[in-house]
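A structural walkthrough
These are the residues of each chain, in order.
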Amino acid sequence: MHLPRIDDAQPFCPRPVESVTNGTLNSEMRASLFITCYNDTLYPETGRAVVALLERLGVEVEFNSLQTCCGQMHANSGFRAEAFSQAKRFVQIYRDAETIVIPSSSCVAMIREQYQGLFEELGNERLRRDFAVLSPRIFELSEYLVDHLKVEDLGAYFPHRVAYHASCHGLRALHLGDRPYRLLAKVRGLELAPLANTDRCCGFGGTFSVKNAEVSSAMLTAKLQDILATRAEFCTALDNSCLMHLGGAMHRQFAGVRTVHMAQILAATETHPIEELP
Amino acid sequence: MKGPESLARNKPPRVQLDPRFAPPFPQAALPVLRNTQLRKNVAHAIDVIQSKRARLVEEKADWEELRAAASDLRAHVLDNLGHYLEEFESQCTAAGGHVHWAADGTEARRIVLEIIRQKNANEVIKIKTMTSAEIQLNLFLEQAGIAAHETDLAEIILQLGGEAPSHIVVPALHVNRSQVRDIFAQRMGLPDLSDDPQALTAAARTYLRKLFLTVPVAISGANHLIAETGGVVIVESEGNGRMCLTLPQTLIAIAGIEKVIPRFQDLEVLLQVLARSATGERMNPYTSVWSGVKPGDGPQNFHVVLLDNGRSDMLRRPVERQTLKCIRCAACMNACPVYRQTGGHAYGSVYPGPIGAILTPQLQRLEHAQSLPYASSLCGACYEVCPVKINIPEVLIELRAQVTNREREEPRRFFDPLYLGLRIASFILASPRRLRLAQRLGRIVARLFASRDGWIHVLPGYGARWTRTRDLRGVPSQTFREWWSTRNKGEQ
């Protein structure tokens, strides 16, 4: 079985197009994209979709090339000092950013839940203060769209049956609630497939997926059964880390379901369907 | 039917729940993952409890307020633990009880044995108690020649079947009805027993009645200790605990020092959240409060053993101390997706699940249970359901940092793939230039392993842990930052 690949389409460079909301957005909106280390390396198409999507909405996207990683992997593995270095770098390079958009709920959760503790333990007063000021300007992608831009209809077109996997960090750390569903509901042609046990972890868990590979795989099997039962063509999420784990098993098992980050669904339009996205 | 005396002498359980000897979690999980019957039993049992709990929490409009009140109450106790323990001691003593202080399991076991010896008893009956399991009391008493008979139905099943408990509230949830029938039929000498629940409980009742009426000493735990009255609170479903509390002449309650609460009135909040969280009931069937001695009514000798066993060390640590707020409802293990796959035995501790993963390493030496803080995907389901708001993921991460801080100094860990990988990653991620180089290099290396469809099916060494069950999409030909820089050049 060969499915068309959605990651290796040739980049094209759209100019910012007119906003689908007909100018309801402030034309001077600017967002700095924190792409995250693994999206940068393994899922660049997600980053390209975020750029296409935000520019379509009239947001000027910046990319600070000094960025690397939020430090989650190190923090959750007990490497406090290393995580602190990443946290410090993040605050230093985004100190003056207007808003920061991150297409990964687990990285946003890391920043919101752990940075303060790291700064209290290892940092100084300045860092703590800067982070406190910066923190409200950090958004996960769906938060940025629904809460900050206050748009739900993004003019997207994606004529497929889609199951939404609510990643644990999005669900329980960020409390994204119905934001992702509201965004998906407005995508033309999209048929949302109800997924059972949405609040149950897929078993990725960062290094958990290799440190406890067998247990992680057992959890994955349970999640995969629920996804396959939806008869969806695509499984989407706001976290490529869960999708890497789920998609890896789907590919291994010839499951006939593909994973795709929600940014790519929201960026797809009739004129630029997903395969042609930058 | 065989007499209880002969039944209580068991072979030790096949599964080792002493963290000092239990294998690390990933290994201990393997036999369970292969045991499809056990996994089915566990998943079915916790799905039932979970849905009951969800329904009852839903109907409680003020659930979050209740939860906040319970959490604040437990935090207040920990902030004033010394005060409330002393108050409990003086109230309990004034009511005719004896309070003993045990610094660790050894002391607690010695105190219990002395009391039993004073009464010239060679048998005791037991109410289900986690604290006695924590100090491995049954094994110790057995070695001292004293038969300890469990009276909780699930504990009877385990004791007779030579099974280890796998849950703190429903310890035999990994055993199904027909397995219970087999255990009872064989051990009670009832070959014609059916697996009808009524027949099974009737068999247990006959077995228990004789014990209740003949054994002179009972051992219990405590759900709460009331400082104001010196009372010991026992919460249960079957009423067998109340038999133990009322019929024997001597009662010994073993309780962790954190179990104290200020006032009788505090039960209002705690019992509401406990029953809903633990068994998915509005109220548990039997709640007994035992305060001191009443002449001619119930046990005439009443002892309370207050067990520290590492708890005052936990109290001193700012992040970990919240572990002591626990009221042992087990909602965390019912909600845990890891526990749902592995059941309790893989944790190698009498305390399994998320709470066990943080409690066990702190009660024991960390190195005896250092795989447990990693036995979690940090999904946060445990924190969400915890009725006293213990942030279990936060404690897990704190304990991981302690494990890492110690291990990373060990020379033999230098080439441990995970440690090496994280050190290299840290070096790379410290500079965008290094990251760009590593991304380019990684792309070349990944190509060596990729098959024609661009996916990686097999990785060597540590990477095989991923590719045994999952493929890995190959590394794309262009990183995001490369795309960004060419795009901007194109625009200029």
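As the structure is a prediction and not an experimental result, all values here were calculated from the model. In this numbering scheme, every chain counts its residues from 1 along its sequence in written order. The naming scheme follows written order: chains are lettered A onward, ligands numbered 1 onward. The predicted origin of the model limits local features to residues at a pLDDT of at least 70 and limits the giving and counting of side-chain atom pairs to 80 or more, whereas totals for whole chains, interfaces and linings rest on all residues.

1. Considering the overall build of chain B
For the record, the criterion: Elements are defined by DSSP. Helices are runs of H or I of four residues or more, strands are runs of E of two residues or more, and each kind is numbered from the N terminus. Any residue surrounded by 20 or more other C-beta atoms within 10 Å of its C-beta is treated as buried, while 12 or fewer makes it exposed and the intermediate range makes it partly exposed; C-beta atoms here are placed from the backbone. A residue pair is marked as a contact if its C-beta atoms, positioned from the backbone, fall within 7 Å.
Within chain B, the regular secondary structure consists of 23 helices and 12 strands. For chain B, the spread of C-alpha atoms along the principal axes amounts to about 95 × 55 × 50 Å. In chain B, which comprises 492 residues, the proportion classed as buried is 49%. Considering only intrachain contacts with a sequence separation of at least 6, the fraction spanning at least 24 residues in chain B is 73%.

2. Points about the overall build of chain A
Per the secondary structure count, chain A includes 13 helices and eight strands. By residue count, 57% of the 278 residues in chain A fall in the buried class.

3. A short note on helix α11 (residues 213-229) of chain A
At 3.6 residues per turn, the α-helix brings residues three or four places apart onto the same side. Residues and elements named next belong to chain A. Where we set the bar: To estimate how far a helix should reach, multiply one less than its number of residues by 1.5 Å.
Here α11 contains 17 residues, and its C-alpha end-to-end distance of 24 Å stays within 8% of the 24 Å for a straight helix at 1.5 Å per residue. Within the span of α11, buried status applies to Ala213, Val215, Ser216, Ser217, Ala218, Met219, Leu220, Lys223, Leu224 and Ile227. Of the residues flanking the end of α11, it is Arg231, one or two places downstream, whose phi is positive at about 55°.

4. Considerations on the domain arrangement of chain B
This is how the line gets drawn: Annotation comment: domain bounds sourced from an automatic or database domain assignment.
Entries for chain B in the domain assignment read domain 1 (4-312) and domain 2 (432-491). The straight-line distance from the C-alpha centre of domain 1 of chain B to that of domain 2 of chain B is 53 Å.

5. Thoughts on the confidence of the model for chain B
Just so we agree on the cut-off: pLDDT measures how confident the predictor is about each residue, on a scale from 0 to 100.
When pLDDT is averaged along chain B, the result is 94, and 96% of the positions lie at 70 or above. Confidence metrics for the complex model read pTM 0.93 and ipTM 0.93.

6. Section: the packing of helix α4 (residues 80-94) of chain A against helix α5 (residues 105-122) of chain A
Residues and elements named next belong to chain A. Rules: All axes are obtained by fitting lines to C-alpha atoms, using only the stretch in contact for helices, and the reported angles, taken between N-to-C directions, cover 0 to 180 degrees. Throughout, the term roughly parallel applies to angles under 35 degrees, roughly antiparallel to angles over 145, roughly perpendicular to angles from 65 to 115, and oblique to all others. Polarity classes work like this: nonpolar for Ala, Val, Leu, Ile, Met, Phe, Trp, Tyr, Cys and Pro, charged for Asp, Glu, Lys and Arg, and polar for all others, with Gly in that last group.
Contact geometry for α4 and α5: axes closest at 10 Å, N-to-C directions at 105°. Between α4 and α5, the interaxial angle falls into the category roughly perpendicular. In contact with Arg80, Ala81, Ala83, Phe84, Ala87 and Phe90 of α4, α5 contributes Ile111, Tyr115, Leu118, Phe119 and Leu122. Across the contact of α4 with α5, the residue classes break down as 10 nonpolar, no polar and one charged.

7. Quick word on the sheet that holds strand β10 (residues 301-307) of chain B
Residues and elements named next belong to chain B. The cut-off we apply is this: One requirement defines pairing of two strands: DSSP has to find at least two bridges between them.
Pairing is parallel across the open sheet formed by six strands, whose spatial order is β1-β10-β7-β4-β2-β3. Single-partner strands in this sheet number two, and they are β1 (98-102) and β3 (147-150). Ignoring which end each strand starts from, the neighbouring axes of this sheet average 25° apart.

8. Considerations on the interface of chain B and chain A
Many authors give the size of an interface as the accessible area that is lost as the parts come together. Each side of the interface is counted separately: chain B has 55 residues, and chain A has 57 residues. Looking at the side of chain B that touches chain A element by element, the count peaks at seven residues for helix α23 (residues 480-491) of chain B. Residue composition of the side of chain B that touches chain A, by class: 31 nonpolar, 14 polar and 10 charged.

9. Remarks on α4(A)
Residues and elements named next belong to chain A. End to end, α4 covers 21 Å across 15 residues, agreeing with the expected 21 Å (1.5 Å per residue, within 8%). With respect to burial, α4 is a largely interior element, 12 of its 15 residues being buried. Among the residues making up α4, those that are buried are Arg80, Glu82, Ala83, Phe84, Ser85, Gln86, Ala87, Lys88, Arg89, Phe90, Val91 and Tyr94.

10. Things to note about the packing of helix α20 (residues 417-429) of chain B against helix α21 (residues 432-449) of chain B
Residues and elements named next belong to chain B. One way to put it is that α20 packs onto α21 with a least axis distance of 6 Å and a crossing angle of 120°. Relative to α21, the element α20 is oriented oblique. Along the contact surface, α20 presents Phe427, Ile428 and Leu429, while α21 presents Arg434, Leu435 and Ala438. The class makeup of the residues in the contact of α20 with α21 is five nonpolar, no polar and one charged.

11. A few points about unusual backbone geometry
Phi at Asn197(A) takes a positive value of approximately 50°, unusual for a residue other than glycine. The topology assignment puts Asn197(A) in the loop between β6 (191-193) and α10 (208-211). Backbone geometry places Asn309(B), a non-glycine residue, at a positive phi of 45°. Along the chain, the position of Asn309(B) falls in the loop between β10 and α14 (311-316).

12. Structural notes on the pairing of strand β8 (residues 258-261) of chain A
All names here are of chain A. The cut-off we apply is this: For a crossover, the right-handed case is the one in which the path from the first strand over the helix to the second runs clockwise, viewed with the strands pointing away from the viewer.
Where burial is concerned, the two faces of β8 agree: the one with Arg258 and Val260 and the one with Thr259 and His261 are both buried. Here strand β7 (residues 234-237) pairs with β8 via four bridges, running parallel. Residue pairing across strands places Cys235 opposite Thr259, the latter belonging to β8. On the question of chirality, the crossover connecting β7 to the parallel β8 by way of helix α12 (residues 240-252) is right-handed.

13. Brief notes about the sheet that holds strand β5 (residues 161-164) of chain A
Residues and elements named next belong to chain A. Within the open sheet, the four strands sit side by side as β6-β5-β7-β8. Their pairing is parallel. This sheet does not close on itself; its edge strands, each paired only once, are β6 and β8. Geometrically, the sheet is characterised by an average inter-axis angle of 40° between neighbouring strands, direction not taken into account. Taken together, the three bridges between β5 and β7 define a ladder with parallel strand orientation. By the bridge assignment, Val162 is partnered in β7 with Phe234. In the packing of α12 onto the sheet, contacts are made with β7 and β8, and the angle to β8 comes to roughly 165°.

14. Here's the deal with the environment of Gln143(B)
Along the chain, Gln143(B) turns up in helix α8 (residues 137-143). Put simply, Gln143(B) and Pro285(B) are 142 residues apart on the chain and 35 Å apart in space, counted from C-alpha to C-alpha.

15. What to know about the confidence of the model for chain A
Across chain A, the average pLDDT comes to 91, with 89% of residues at or above 70. When the criterion is pLDDT under 50, residues 1-24 of chain A qualifies, and its contacts beyond four places in sequence or with other chains add up to 38 contacts.

16. Considerations on the pairing of strand β1 (residues 30-33) of chain A
Residues in a regular strand project their side chains so that they alternate between the two faces of the sheet. Residues and elements named next belong to chain A. When β1 meets strand β2 (residues 60-62), the two strands line up parallel, connected through three bridges. Across the sheet, residue Arg30 finds its bridge partner in β2, namely Glu60. By the bridge criterion, two bridges tie β1 to strand β3 (residues 100-102) in an arrangement that is parallel. Residue Ser32 lies in a different strand from β3, and its bridge partner there is Ile100.

17. Topic: the environment of Gly310(B)
In this structure, Gly310(B) sits in the loop between β10 and α14. Spatially, the C-alpha atoms of Gly310(B) and Ala255(B) are 13 Å apart, while their sequence positions differ by 55 residues.

18. Brief notes about the environment of Ala213(A)
All names here are of chain A. In this structure, Ala213 sits in helix α11. Since 20 C-beta atoms lie within 10 Å of it, Ala213 is described here as buried. For Ala213 and Leu176, which are 37 residues apart along the polypeptide, the C-alpha to C-alpha distance reads 28 Å.

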